[in-house]
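# Coordinate analysis (summary)
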Amino acid sequence: MSDVPRSERPAMIRSRLEHSLSIDSLEVQDDSHRHAGHAGAQAGGGHYSLRIVSDDFAGRRRLQRHRLVYNAMGDAMRNDCIHALSIEALTPAEARSQSHESQ
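As annotated in an unreviewed UniProt entry, the protein chain carries the name BolA family protein and is attributed to Spiribacter roseus. The UniProt entry for the protein chain carries the following comment under Sequence similarities (unreviewed entry): "Belongs to the BolA/IbaG family."

Looking only at helices and strands, the protein chain features four helices and three strands. Reading the secondary structure of the protein chain in the N-to-C direction produces α-β-α-β-α-β-α. Burial analysis of the protein chain (103 residues in total) assigns 39% to the buried set. Accessible surface for the protein chain amounts to roughly 6000 Å². Of this, 44% is attributable to carbon and sulfur atoms.

Our next topic: the nonpolar core. Ranked by size, the top nonpolar core spans 19 residues in total, and within it Ile13, Leu17, Leu50, Ile52, Val69, Ile82 and Leu85 carry the most contacts. Among the elements of the structure, helix H1 (9–20), strand E1 (23–30), strand E2 (46–54), helix H3 (62–73) and strand E3 (82–90) are those that each provide at least two residues to this core. For this core, the element with the highest residue contribution is E3, accounting for four residues. Every residue in contact with Val69, bar those within four places of it in the chain, is listed here: Leu17, Leu50, Ile52, Phe57, Leu85 and Ile87.

Let's shift gears to the environment of Cys81. If you trace the backbone, Cys81 turns up in the loop between H3 and E3. Distance from Cys81 to His47, taken between C-alpha atoms, is 9.0 Å for residues 34 residues apart in sequence.

Turning next to the sheet that holds E1. One open sheet holds the three strands; their spatial order is E1-E2-E3, and the pairing between them is mixed. The open sheet is flanked by E1 and E3, the only strands paired with a single partner. Ignoring strand direction, the axes of neighbouring strands in this sheet form an average angle of 15°. As paired elements, E1 and E2 share seven bridges and run antiparallel to each other. Looking across to E2, one finds that Leu26 is bridged to Ile52. In the packing of H1 onto the sheet, contacts are made with E1, E2 and E3, and the angle to E1 comes to roughly 155°.

The rules we used
Residues numbered from 1 in each chain as written. Predicted model: local features only at pLDDT ≥ 70, side-chain atom pairs only at ≥ 80, totals over all residues. Heavy atoms only, no water. UniProt positions renumbered as here; feature names shortened; annotations may be inferred. Helix = DSSP H or I, 4+ residues; strand = E, 2+ residues; numbered from the N terminus. Buried < 20%, exposed > 50% of the residue type's maximum accessible area, 1.4 Å probe, protein only. Areas by Shrake-Rupley, 256 points an atom, 1.4 Å probe, with all protein chains shown as cover. Core = buried A, V, L, I, M, F, W, Y, C linked by side-chain atoms within 4.5 Å. Contact = heavy atoms within 4.5 Å. Pairing = 2+ DSSP bridges. Axes fitted to C-alpha atoms, helices over the stretch in contact; angles between N-to-C directions.

Encoded structure:
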């Protein structure tokens, strides 16, 4: 998996999620620069943050939602590709509620 260049990993993450889930919105952020020198960075793995909104999360608890995301990532969840993944997984209704709260 380390054959996926770091610069292409956000697009790879996006593609895997889009093929596995019905997505209303998706933000992928590469936070690897904040973890330079971290053990995971030594193996070449990146640190990424996701904010994903999907109807597929309806009726599911947080752990179940995260499992859906990890399943979509598959073999990319290795120290040499994705070392850490911060996930905010919301239903469309939850995302709208957050949006109204921040206004």
